[in-house]
Amino acid sequence: MGAGHRLVAPLVGLLAAVVPMIAVWGFTVDDALISARYAHNIARGLGHRFNELGPWTDGVTPLPWPWLLAPFARAGVEQTLLVAKVVGAVCWASAAAVLAASVAKIVPRERWWGWAGLLLVVLTPGVAAWGVSGMETGVAMALATLVVSVSRLRV
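Here's what I pulled together on the structure shown here. (Residues numbered from 1 in each chain as written. Predicted model: local features only at pLDDT ≥ 70, side-chain atom pairs only at ≥ 80, totals over all residues. Heavy atoms only, no water.)

## Brief notes about the side chain of K85
Working step 1: Secondary-structure assignment places K85 in helix α4 (residues 77–106).
Working step 2: Among buried Asp, Glu, Lys and Arg side chains, K85 stands out as unpaired, with D30 the closest opposite charge at 13 Å.
Working step 3: With residues up to four places along the chain from it excluded, the contact list for K85 reads W25, G26, F27, T28, G131, V132, S133 and G134. (Helix = DSSP H or I, 4+ residues; strand = E, 2+ residues; numbered from the N terminus. Buried < 20%, exposed > 50% of the residue type's maximum accessible area, 1.4 Å probe, protein only. Lys, Arg positive; Asp, Glu negative; His and termini not counted. Salt bridge = Lys/Arg side-chain N within 4 Å of Asp/Glu carboxyl O. Contact = heavy atoms within 4.5 Å.)

Take a look at the structure:
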């Protein structure tokens, strides 16, 4: 496999992930707004709570997610949701690039059908939708892809 192939593969993966994300950018779930609200309250110094005067609660399944968003959550819940969507999109697009680079190392260029599985995952609207949902899914996909890719390189 030539150097050009190794450079093209991540770009193909990146573009293949970005196109569906653009198409489903408006997708979100109510849980994303809950996480954004928790993050906004944390940023305002009110702690891990849903309501400003309410108790500390565990209303967010991924407990660290609002804390990761909190540094960007001062401006409000809607802005926090936007940051969460961008973070998810960047993470999923990066994961798709890493995944494509990994596939390029094991699938010869002339066996284009070996890329079918990768393209099926990367081009699936559901995967893209969850990547831009505002939830932690894009970050989780990136971390899982990184772990698999790094472990694959060591084998």
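Past the structure itself, the notes keep going.
## Some points on the pattern of salt bridges
Working step 1: Scanning all chains against the criterion turns up one salt bridge.
Working step 2: In this structure, R44 and E52 form a salt bridge, with 2.9 Å as the shortest nitrogen-oxygen distance.

## Focus: the packing of aromatic side chains
Remark: the centre distance and the inter-plane angle together describe each pair of aromatic rings, the angle taken between the planes.
Working step 1: Inspection of the entire model under this criterion finds three aromatic pairs.
Working step 2: Relative to W130, the ring of F27 has its centre 5.6 Å away and its plane inclined at 75°; by these criteria the two rings are edge-to-face. In this pair, F27 is assigned in the loop between α1 (3–23) and α2 (30–43) and W130 in helix α6 (residues 125–131), connecting sequence segments 103 residues apart.
Working step 3: With a relative accessible area of 39%, W130 lands in the partly exposed category.
Working step 4: Centroid distance Y38 to F50: 6.0 Å. Interplanar angle 50°. Geometry classified as tilted. A residue pair is termed long-range when its members are at least 10 positions apart, and Y38 in helix α2 and F50 in the loop between α2 and α3 (64–69) qualify at 12 residues.
Working step 5: When its relative accessible area of 2% is taken as the criterion, Y38 is described as buried.
Working step 6: Cation over ring: R37 sits above F50, and NZ or CZ is 3.9 Å from the ring centre. (Phe/Tyr/Trp six-rings, centres within 6.5 Å; stacked < 30°, edge-to-face > 60°. Lys NZ or Arg CZ within 6 Å of the ring centre and 35° of its normal.)

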